[in-house]
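Observations on chain architecture
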Amino acid sequence: MAKGKRTTKKGNGQEALPAGKVAEAALEPNGIGTAAPASTYEGDFEIEPVTPHDFEAETLLTVYRRMLTSRLLDEKMLRLLKQGKGFFHIGCAGHEAAQAAIGLLSRPGYDWFSFYYRDLTMYLSLGGTPEEVLLAHLAKADDPNSGGRQMSEHYSNRERHILPISSSVGAQFLPAVGVGLSLLRQPDNDAYVYCSCGDGATSQGDFHEALNWSARAGAPVLFVVQDNKYAISVPVSEQTAGGTAYKLARGYEGLKRARVDGTDFFQTYAVARTALEHIRSGGGPVCLVTDVVRLLPHSSSDDHKKYRSTEELEADRKVDPIVRLEVQLREAGLLDADAITRIRKEVGRAIDAAAAWADKQPDPDPATATKHVYFEGSLDLAYEQTEPSGPPVVMVDAINHALHEEMARDERVIVYGEDVAGGKGGVFTATRGLTDRFGKHRCFNSPLAEASIIGTAIGFSAFGYKPVVEIQFGDYIWPGMQMLRNQVATFRYRSNGAWGCPMVIRVPVGGYIHGGLCHSQNIEAIFGHIPGFKIALPSTAADAKGLLKTAIRLQDPVLFLEHKALYRAAAARTPEPDADYLLPFGKARIVREGTDLTIVTYGMMVHKSVNVARQLEKEGVSVEIIDLRTILPLDSETLLHSVRKTNRVLVVYEDHEFAGFGAEICAQIADLAFTALDAPVRRVAGAFTPIPFADPLEKAVLPGDEDILSAARDVLAF
């Protein structure tokens, strides 16, 4: 119903609740000694109220059982914890009505769901069972959510389209937008994305990035804020301007808003139904704030009596959504005291039986603890079937050609980021011509928000696309660290291999271009410490093309690091490989063979090391240079074989020497080839300082040919 119109009467005799106002409809005393509060609604929609008479009786009894199952599961899991069974619990008590209402309007396996950790009733609404919940609580091997890898209440199910939850607050927003953007590409699909959170999560920047992009694009996302007024112990008054996320959301043109009493199933259903009709008809996203209560502490590790008064806790109990539904169903003649007692006993017995069964199921096998970090299937890729023999090409053009070829090969490949589309084609022109050739739906610009770029790529990937996104400079990847570390890298692992997160994140890195502090950083050491990524650092045009084409075909997330100083460098120019040329990850390149000294390096330092090797060759020294090409996976076998041959090794890298990735290489050599060494392992790397702008200052802190030459002579002279 359009805003501003009003229907005064509905078939059930109730007045419609008008848009933009607060309507009150006081309920009768509930017959148990307390009175339910007035129901409230405000928002951009005109709402047709519903009553129990608008539903089949069996539907409402199913909803009641579902909410009761959620509540009694919470209670059962807390009892199990006291018995030493399980490790952690985070409850849904007080949130059941809002979730049950929206769940009744949702279609598992068709719609999509980006949960947070208090979505137990929603999980049950989508087909989850007490057995599944208890397997997760007890961290059993057959836990279908994560196989014991995740904390309890972190649900995931590929068949039901439930994305795996990350514990990090607010991590669910941007992947949901990515799925929403994917749904916009399906013209005959009216699915929506459910994205839920607590009130505390709306303080995260990702919440606002998600609202902005979804509103601008008209993405079919329902942002459900389950506002129980507390972020652990911090009240919403200390979190949120205006005291509610409903007010925060008003500044986004294209985003509709609604606020409802989330302890009232019928009112929430009426508002959610209208919101979803709006979304499914192409109206764009909605932010639905449901005012709920938290009837349990934040988690089993919390004691809310430390920060909440007895009076406040009692006030929340008076609006217990299950008791409210019982009152409403009794008034409608669908329940009586005997039926309530009987159903509670039936549900309790079923949960007790499920718990007894789950407790007997096997724990995870310790041998499986490291499984599902990476894709474990077969890729069926043919590597190095041809020799690069085309016309010479510089690295940035080789990257551009690889993108053209892969987008032509697979229509699921999409390219986006800052400034990548149209005539500009990226600040380094790596994506030029892609929009003209493949259209704006295949190569497009994103907001200037790195978390949004990476976070939405998660959603695109989960939906089945292969996103190749560009972060304009490595120095600016840090706003996306939440997405990279706590979403992308662990997506497969925390879902026990059920989900993957294949994508390519192209990132220009490195110095020697007078870029100063924020255009010169090397980032491989930090990401090399994060399980789940594969990382490439090509040093030549041919390697860049072969590795990028492989990266796009892999089933794991790849950080593809491109040294800016090599984009058009003559030293990195090579004959171009053909469209079938693929290079494997984890296979180093022997740049030069030698017998007296091994230099292990990658990226820009390969070419400086070649300069040094040529100088030493004039002095009668034979230097072998190993270009790692990828550091995850690392070709330890090739570098150790070389060290055992030459007995001397120098590790050269551009990043800070202290705690750089070269330190890991040195440690592996010392651990696995110590007895083969005739001299200590030596490193040449950058100074432990930011990269300055002025030419003489930059040269002072980044490795130069003379630094490498001097260190090589020291190792040879030992």
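Numbering of residues begins from 1 in every chain and follows the order in which that chain's sequence is written. For a predicted model such as this one, the threshold for reporting local features is a pLDDT of at least 70, and the threshold for listing and counting side-chain atom pairs is 80 or more; totals across whole chains, interfaces and linings nevertheless cover every residue. The basis for every side-chain value is the complete set of heavy atoms in the structure, and neither hydrogens nor water enter the calculation.

**What about the sheet that holds strand β4 (residues 221-227)?**
Picture the strands of a sheet paired through backbone hydrogen bonds; they go either parallel or antiparallel. The mixed open sheet is built from six strands, whose spatial order is β1-β7-β8-β4-β3-β2. The open sheet has two edge strands with one neighbour each: β1 (41-43) and β2 (112-114). Each neighbouring strand pair of the sheet contributes to a mean axis angle of 15 degrees, computed without reference to strand direction. Two strands pair if DSSP finds at least two bridges between them. By definition, any uninterrupted DSSP run of H or I lasting at least four residues is a helix, any uninterrupted run of E lasting at least two residues is a strand, and each is numbered from the N terminus. Here three bridges tie β2 to strand β3 (residues 193-198), and the two strands are oriented parallel to one another. What sits directly across from W112, in β3, is V193. Residues are treated as being in contact if the distance between any of their heavy atoms lies within 4.5 Å. Fitted lines through C-alpha atoms give the axes, limited to the stretch in contact for helices. The angle between two N-to-C directions lies from 0 to 180 degrees. Sitting on the sheet, helix α8 (residues 265-280) is in contact with β1, β4, β7 (256-261) and β8 (286-291), with an inclination near 165 degrees to β7.

**Focus: the confidence of the model for the chain**
Looking at the chain as a whole, the pLDDT averages 94, with 95% of positions reaching at least 70. Residue range residues 1-14 is modelled with pLDDT below 50. Its contacts to residues more than four positions away, or to other chains, number 28 contacts. You can read pLDDT as the predictor saying how much it trusts each residue, on a scale of 0 to 100. A low-confidence stretch, residues 21-38 stays under pLDDT 50, and its non-local contacts, those more than four residues away or across chains, total 31 contacts.

**Digging into helix α11 (residues 337-359)**
One turn of an α-helix holds 3.6 residues; hence residues three or four places apart share an orientation. Expected span, for any helix, means 1.5 Å times one less than how many residues it has. When the terminal C-alpha atoms of α11 are compared, their 33 Å separation across 23 residues agrees well with the 33 Å that a helix rising 1.5 Å per residue should span. Turning to α11, its buried residues number three or more, namely A339, I340, I343, V347, G348, I351, A354, A355 and A358. Among the structural elements, α1 (57-82), α4 (130-137) and α10 (321-331) are those in contact with the buried residues of α11. Only protein chains enter the accessibility calculation, which uses a 1.4 Å probe. A residue is then buried if its area is under 20% of the maximum for its type, exposed if over 50%, and partly exposed in between.

**Things to note about the pattern of salt bridges**
Once their charged atoms are close, side chains differing in charge can pair, the charge on each being opposite to the other. Any Lys or Arg side-chain nitrogen located within 4 Å of an Asp or Glu carboxyl oxygen qualifies as a salt bridge. In total, this model carries 45 salt bridges according to the counting rule given. In this structure, D320 and R71 form a salt bridge, with 2.8 Å as the shortest nitrogen-oxygen distance. Taken together, the residues D320 in the loop between α9 (310-317) and α10 and R71 in helix α1 connect sequence positions 249 residues apart. In terms of burial, D320 and R71 fall into one category: buried. For R432, the salt bridge is made with D397, and the minimal N-O distance between the two is 2.6 Å. Taken together, the residues R432 in the loop between β10 (413-417) and α13 (434-438) and D397 in helix α12 (residues 395-409) connect sequence positions 35 residues apart. Note on D397: relative accessible area 22%, which makes it partly exposed. When salt bridges with common partners are traced through the structure, they connect E405, E406, R409, K545, K549, R553 and E576 into a single cluster.

**Some details on the pairing of β10**
Summarising burial for β10: five of the five residues are buried, a large majority. Because side chains alternate across β10, one face comprises the buried residues V413, V415 and G417, and the other comprises I414 and Y416, equally buried. Bridging between β10 and strand β12 (residues 466-470) involves five bridges; their strand directions are parallel. Note that in β12 the partner of Y416 across the bridge is V469.

**Remarks on the side chain of K534**
In this fold, K534 is placed in strand β14 (residues 534-536). Setting aside anything within four residues of it in sequence, one finds K534 in contact with Y374, L554, D556, P557, V558, L559, F585, L632 and P633.

**Quick look at the packing of aromatic side chains**
Aromatic rings in a pair are described by how distant their centres are and how their planes are angled relative to each other. When the centres of two rings from Phe, Tyr and Trp lie within 6.5 Å, Trp using its six-membered ring, the rings pair. Their planes under 30 degrees apart give stacked, over 60 give edge-to-face, and anything left gives tilted. For the coordinates displayed, the defined rule picks out 28 aromatic pairs. Where F113 meets Y194, the ring centres are 6.2 Å apart and the plane angle is 50 degrees; that geometry is what we call tilted. Of the two residues, F113 is situated in strand β2 and Y194 in strand β3; the sequence distance between them amounts to 81 residues. For Y194, a relative accessible area of 0% gives the class buried. Taken together through their ring pairs, the aromatic side chains of W112, W213, Y416, F444, F460, F463, Y465, F491 and W499 make up a single cluster.

**Points about the side chain of T244**
Assignment of secondary structure puts T244 in the loop between β6 (234-235) and α7 (245-248). Overall, T244 belongs to the buried group, its relative accessible area being 1%. Pairs of N or O atoms within 3.5 Å make up the polar contacts considered here, provided that, within protein, one atom can donate a hydrogen while the other can accept it, and that residues adjacent in sequence are counted only when both atoms are side-chain atoms. Of note is the side chain of T244, whose polar atom sits 3.1 Å from the backbone nitrogen of Y246. Leave out the neighbours within four places in its chain, and T244 touches D227, R259 and V289.

**Regarding the packing of α1 against helix α2 (residues 96-104)**
Running from N to C, α1 and α2 cross one another at 135 degrees; their axes reach a closest spacing of 10 Å. Our classification of the angle between α1 and α2 gives oblique. Between α1 and α2 lies a crossing whose hand is right-handed. Contacts between α1 and α2 involve T59, V63, M67, S70 and R71 from the first element and E96, A97, A100 and L104 from the second. Residue classes follow a fixed rule: Ala, Val, Leu, Ile, Met, Phe, Trp, Tyr, Cys and Pro count as nonpolar, while Asp, Glu, Lys and Arg count as charged, and any other residue, Gly among them, counts as polar. Its residues placed into classes, the contact of α1 with α2 shows five nonpolar, two polar and two charged. Any angle between 65 and 115 degrees counts as roughly perpendicular, while under 35 counts as roughly parallel, over 145 as roughly antiparallel, and the rest as oblique. Left-handed describes a crossing whose near helix is turned anticlockwise from the far helix by less than a right angle; the clockwise case is right-handed.

**Considerations on the pairing of β8**
Buried residues dominate β8, accounting for six of its six residues. Side-chain alternation along β8 places V286, L288 and T290 on one buried face and C287, V289 and D291 on a second face that is also buried. Across six bridges, the pairing between β4 and β8 is parallel. Each residue of the ladder has a partner; that of V225, found in β8, is V289. Pairing of β7 with β8 involves six bridges; the strand directions are parallel.

**Quick look at the sheet that holds strand β17 (residues 589-592)**
Read from one edge of the open sheet, five strands run β17-β19-β18-β21-β22, paired in mixed fashion. Looking along the sheet, the strands with just one partner apiece sit at the ends: β17 and β22 (682-686). The average undirected angle you get between the axes of adjacent strands in this sheet is 25 degrees. Summarising the sheet, strand β18 (residues 597-601) and strand β21 (residues 649-656) pair through three bridges and their orientation is parallel. Residue pairing across strands places I599 opposite L650, the latter belonging to β21.

**A short note on the packing of helix α19 (residues 605-618) against helix α23 (residues 705-717)**
Between α19 and α23, the shortest axis-to-axis distance is 9 Å and the interhelical angle comes to 55 degrees. As far as their axial angle goes, α23 and α19 are oblique. You can see that α19 and α23 cross each other, and the crossing is right-handed. Between α19 and α23, the contacting residues are K608, S609, N611, V612, Q615 and L616 on the first element and D705, I708, L709, A712, R713 and L716 on the second. Looking at the contact of α19 with α23 residue by residue, the classes come out as six nonpolar, three polar and three charged.

**Concerning unusual backbone geometry**
The residue after L632, namely P633, is reached through a cis peptide bond having omega 0 degrees. Looking at the secondary structure, you find P633 in the loop between β20 (630-632) and α20 (636-646). The backbone of I232 shows a phi angle near 55 degrees, a positive value even though the residue is not glycine. Along the chain, the position of I232 falls in the loop between β5 (230-231) and β6.

**Some words on α8**
Helix length check: α8, at 16 residues, gives a terminal C-alpha distance of 21 Å against a target of 22 Å (1.5 Å per residue), a fit within 8%. Among the 16 residues in α8, 13 count as buried, and that is most of the element. Taking the backbone nitrogen of F266 as reference, a side-chain oxygen 2.9 Å away marks D264 as the first, capping residue of α8. Just past α8, the residue G282 takes up positive phi, approximately 90 degrees.

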